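Fold and geometry: a report
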Amino acid sequence: MKNSALNKFWKFSNPVLFKKLAKIISPLAGLIAVLAIIPSLVWGVFFTGPDYKQLETVKIIFIHVPAAFLAINVYLMMTVASIVWLIRRQYVSALAAKSSAMIGLIMTIATIITGSLWGSSTWGTYWVWDPRLTSFAVLLCFYVGYIILWSAIKPLERAANVTSLFCILGSVFALLSRYIVFFIDQGLHQGPTLSLDEEKNIDDSYYFPLILALVGFSSLFVYLLFVRTTTELNKLKLKLMG
Amino acid sequence: MLNILRLEFLLVIRSGSHVVLAFSFFLFFSLLFALSAFGDNFVLSNIGLTAVWLSLLMSILLTLNKVIHEDYESGILDYLLLADIPLEVTMFLKTIVHWVSVVIPLIIIIPVVLITFQISSDHILRIFIVLLCGSPSLSFIGTMISCLTLSNRSNFLLTTITIPFYFPTLLLGIFCCSSSTTDLFALEYLLLYANTLFTVVLSPYISAYAIKLNYS
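Residues numbered from 1 in each chain as written. Chains lettered and ligands numbered in written order. Predicted model: local features only at pLDDT ≥ 70, side-chain atom pairs only at ≥ 80, totals over all residues. Heavy atoms only, no water.

1. Let's talk about the overall build of chain B
Spelled out, the test is: Put simply, DSSP marks the helices as runs of H or I at least four residues long and the strands as runs of E at least two long, and each gets a number from the N terminus on. Only C-alpha atoms enter the radius of gyration, while the globule expectation follows 2.2 Å times N to the 0.38, with N the number of residues. Relative accessibility thresholds used throughout: buried, under 20% of the residue-type maximum; exposed, over 50%; partly exposed, between the two (1.4 Å probe, protein chains only).
Secondary structure summary: chain B contains 10 helices and 0 strands in total. Tracing chain B from N to C terminus, the helices and strands come up as α-α-α-α-α-α-α-α-α-α. For 216 residues, the compact-globule estimate of 2.2 N^0.38 gives 17 Å, and chain B sits close to it at 18 Å. Principal axes of the C-alpha set define a box for chain B whose edges measure 55 × 35 × 30 Å. Residues classed as buried in chain B amount to 50% of the 216 residues present.

2. Here's the deal with the interface of chain A and chain B
Convention followed: The criterion used for residue contact is that any of the two residues' heavy atoms lie within 4.5 Å. By buried area we mean the combined loss of accessible area, with a 1.4 Å probe, across both parts when two parts are placed together. Each reported salt bridge corresponds to a side-chain nitrogen of Lys or Arg within 4 Å of a carboxyl oxygen of Asp or Glu. In the analysis that follows, any N or O atom pair within 3.5 Å is treated as a polar contact, provided that within protein one partner can donate a hydrogen and the other can accept it, and provided that, for residues neighboring in sequence, both atoms belong to side chains. Residues were grouped as follows: Ala, Val, Leu, Ile, Met, Phe, Trp, Tyr, Cys and Pro as nonpolar; Asp, Glu, Lys and Arg as charged; and all remaining residues, including Gly, as polar.
Listed as interface residues are 25 residues of chain A and, on the opposing side, 29 residues of chain B. A buried area of about 2,400 Å², summed over both sides, lies between chain A and chain B, and 84% of it is on carbon and sulfur atoms. At the junction of chain A and chain B, the tally comes to 0 salt bridges. At the boundary of chain A with chain B, the tally comes to 2 residue pairs in polar contact (both at pLDDT 80 or more). When residues of the side of chain A that touches chain B are traced back to their parent elements, those giving at least two are α5 (131-152) and α6 (156-184) of chain A. Looking at which element gives the most residues to the side of chain A that touches chain B, the answer is α6(A), with 15 residues. Here the side of chain A that touches chain B is composed, by residue class, of 19 nonpolar, 4 polar and 2 charged.

3. Quick notes on the packing of aromatic side chains
Selection rule: Two aromatic rings from Phe, Tyr or Trp, using only the six-membered ring of Trp, form a pair when their centres are within 6.5 Å; if the ring planes differ by under 30 degrees the pair is stacked, by over 60 it is edge-to-face, and anything between is tilted. To sit over a ring, a charge needs its Lys NZ or Arg CZ within 6 Å of the ring centre and within 35 degrees of the ring normal.
Counting across every chain of the model gives 14 aromatic pairs over all chains. Seen in terms of ring centroids, A:Phe166 and B:Phe165 are 5.3 Å apart; in terms of plane orientation they differ by 85°. Their pairing is edge-to-face. Placement of A:Phe166 in helix α6 and of B:Phe165 in the loop between α8 (155-162) and α9 (167-178) is noted, with the two residues assigned to different chains. Aromatic side chains B:Phe29 and B:Phe33 sit 5.6 Å apart centroid to centroid with 75° between the ring planes, which places their arrangement in the edge-to-face category. With B:Phe29 and B:Phe33 both in helix α2 (residues 17-36) and 4 residues apart, the pair spans about one turn of that helix. When the ring centre of A:Trp10 is taken as reference, the NZ or CZ atom of A:Arg88 above it lies at 4.0 Å. In this arrangement the basic side chain of A:Arg178 is found over the ring face of A:Tyr179, its NZ or CZ atom lying 5.5 Å from the centre.

4. What to know about the nonpolar core
For soluble globular proteins, the rule of thumb is that nonpolar side chains tend to be buried together. For the record, the criterion: Joining through side-chain atoms within 4.5 Å is the link that ties buried Ala, Val, Leu, Ile, Met, Phe, Trp, Tyr and Cys residues into a set, and such a set is a nonpolar core.
Ranked by size, the top nonpolar core spans 112 residues in total, and within it A:Met78 and B:Ile145 carry the most contacts. For A:Met78, the residues in contact, after removing those within four places along its chain, are A:Ala97, A:Ser100, A:Ala101, A:Tyr143, A:Tyr146 and A:Cys167.

5. Points about the side chain of B:Thr63
All names here are of chain B. Along the chain, threonine 63 falls in helix α3 (residues 41-63). A polar side-chain atom of threonine 63 sits 3.1 Å from the main-chain carbonyl oxygen of serine 59. A polar contact of 3.0 Å, which involves the side chain of threonine 63, links it to the backbone oxygen of isoleucine 60.

6. A closer look at the packing of α3(B) against α9(B)
Residues and elements named next belong to chain B. Which entries qualify depends on this criterion: Axis geometry follows a simple rule: fit a line to the C-alpha atoms, using only the stretch in contact for helices, then measure angles between N-to-C directions, giving values from 0 to 180 degrees. Whether a crossing is left-handed or right-handed is set by the direction in which the near helix is turned from the far one by less than a right angle, anticlockwise for left-handed and clockwise for right-handed.
One way to put it is that α3 packs onto α9 with a least axis distance of 10 Å and a crossing angle of 145°. The handedness of the crossing between α3 and α9 comes out as right-handed. Contacts from Leu49, Thr50, Trp53, Leu54 and Leu57 of α3 reach α9 at Leu170, Gly173, Ile174, Cys177 and Ser178. Classifying every residue of the contact of α3 with α9 by side-chain character gives 7 nonpolar, 3 polar and no charged.

7. Concerning the state of the cysteines
Using the following cut-off: By convention in this document, the label disulfide applies to cysteine sulfur atom pairs within 2.5 Å.
Under the defined criterion, the tally for this structure stands at 0 disulfides over all chains. As a non-bridged cysteine, A:Cys167 has A:Cys141 as the owner of its nearest cysteine sulfur, 15 Å distant. Take A:Cys167: its relative accessible area is 0%, and that puts it in the buried class. For B:Cys176, which is in no disulfide, the shortest distance to another cysteine sulfur is to B:Cys177 and amounts to 7.0 Å. Assessed through its relative accessible area of 0%, B:Cys176 is described here as buried.

8. Thoughts on helix α10 (residues 187-215) of chain B
Put simply, the rule reads: For a helix, the expected span equals 1.5 Å multiplied by the residue count minus one. Two axes are fitted around each residue, one to the seven residues ending there and one to the seven starting there, and the angle between them is reported as the bend at that residue.
With 29 residues, α10(B) should reach 42 Å at 1.5 Å per residue; the first-to-last C-alpha distance of 42 Å fits that figure. By the largest-angle criterion, B:Ser203 marks the main kink of α10(B), which is about 30°, and a proline, B:Pro204, follows within four residues.

9. A closer look at a nonpolar patch on the surface
Residue and element names in this part refer to chain A. Our working rule: Patch membership requires more than 30% relative accessible area and the absence of a salt bridge. Residues of like charge join within 9 Å; the nonpolar side chains Val, Leu, Ile, Met, Phe, Trp and Tyr join within 5 Å. For the accessible areas, the method is Shrake-Rupley and the probe is 1.4 Å, while residue cover comes only from the protein chains on display.
A contiguous nonpolar patch, built from Val34, Ile38, Val42, Trp43, Val45, Phe46, Phe47 and Phe208 and spanning about 810 Å² of accessible area, is present on the exposed surface. Top contributing element to the nonpolar patch by residue count: helix α2 (residues 15-46), with 6 residues. One can find tryptophan 43 in helix α2.

Written out as structure tokens, the structure is:
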């Protein structure tokens, strides 16, 4: 029990060990991000053919899909970190949730901007109240609410308590709104691009650069997360030292 | 338990200026919608349901600080926390009192407002039932979020962060009200009832948990 894998994992909730880990992981993740994002974008934009219907605009997919993937999964990660904070009271997880909120917000905004540019050329409009677009607007509201709440409440522990609860509730209500808008209206947006169900996936010539871009964006997130969490930990340390 | 219920109702009766305020606010806010339609009957009947739901939502939002924030400031909450009755029950009763005192008067006046919006009277009974079944969830979600913001009791903050939680209820509520089915057990109505039950069950526990977190 003492040396189980889980115990080794929880060990890194110690800020000092976490910072040591961050020193190893963040350059690595940054390197992978650069090595994956640039080639995937070059490959995707210059070395794939145009779509038969959407022509060249289909290449927005190499930013749109990874950003959307992150926007949703960062919120999921924040929820998990919030649950960890509420149960185990580890500062690292609360601060990780805090620092990933801004990344998630920017990814959501990037998704909405690239999506509306894509929509303007294929649907002929920048914005429709399609279920997927609506659920991203809802997600944006929850990210903004979370960040507002962090800045509005002063003692760190109390703010972490409140925002953790907000985040968990937010994930429930964001999912509720998502399924309700899907119930009301089926929408204009195309189906899922990537799924475990092989037949629905896009063509291989787009598939591989897209996977590379996804890997790149994810490691970019890991890099930013470690850097920002380390900064938050240092800030906390400075504050505690007076 | 009954004592708490009686105490809360007495408080509302003796110092419940917010009930009158919410009622007037509701009328004024829906009047804004009506005026902005410039008397066009088609536009009026289109925006009527939205106007009613949004006015209801805004009136509830602006009275949310009465549920728990004032008790926190005056210290009553400390006693409620120490009392024999579980905090969950107290929160449930407080929210019920808020719903009965603030929301029920509004729902009673809503058919009159809807007539001025040129909504056909065949639909009004159905809309009334939908509102009656859907609005508890607004009160309960509101209490839950107001317990989260005990540390910063700014009304503006509370209003802003509560709005995202109202999306499901608002969407289902307006969808059910404008639905053409008259069968009150059609899928959309069932979803609305489910949403209300879900929030009614969830809210007291989350509220009590948030209050205890705030005191720890």
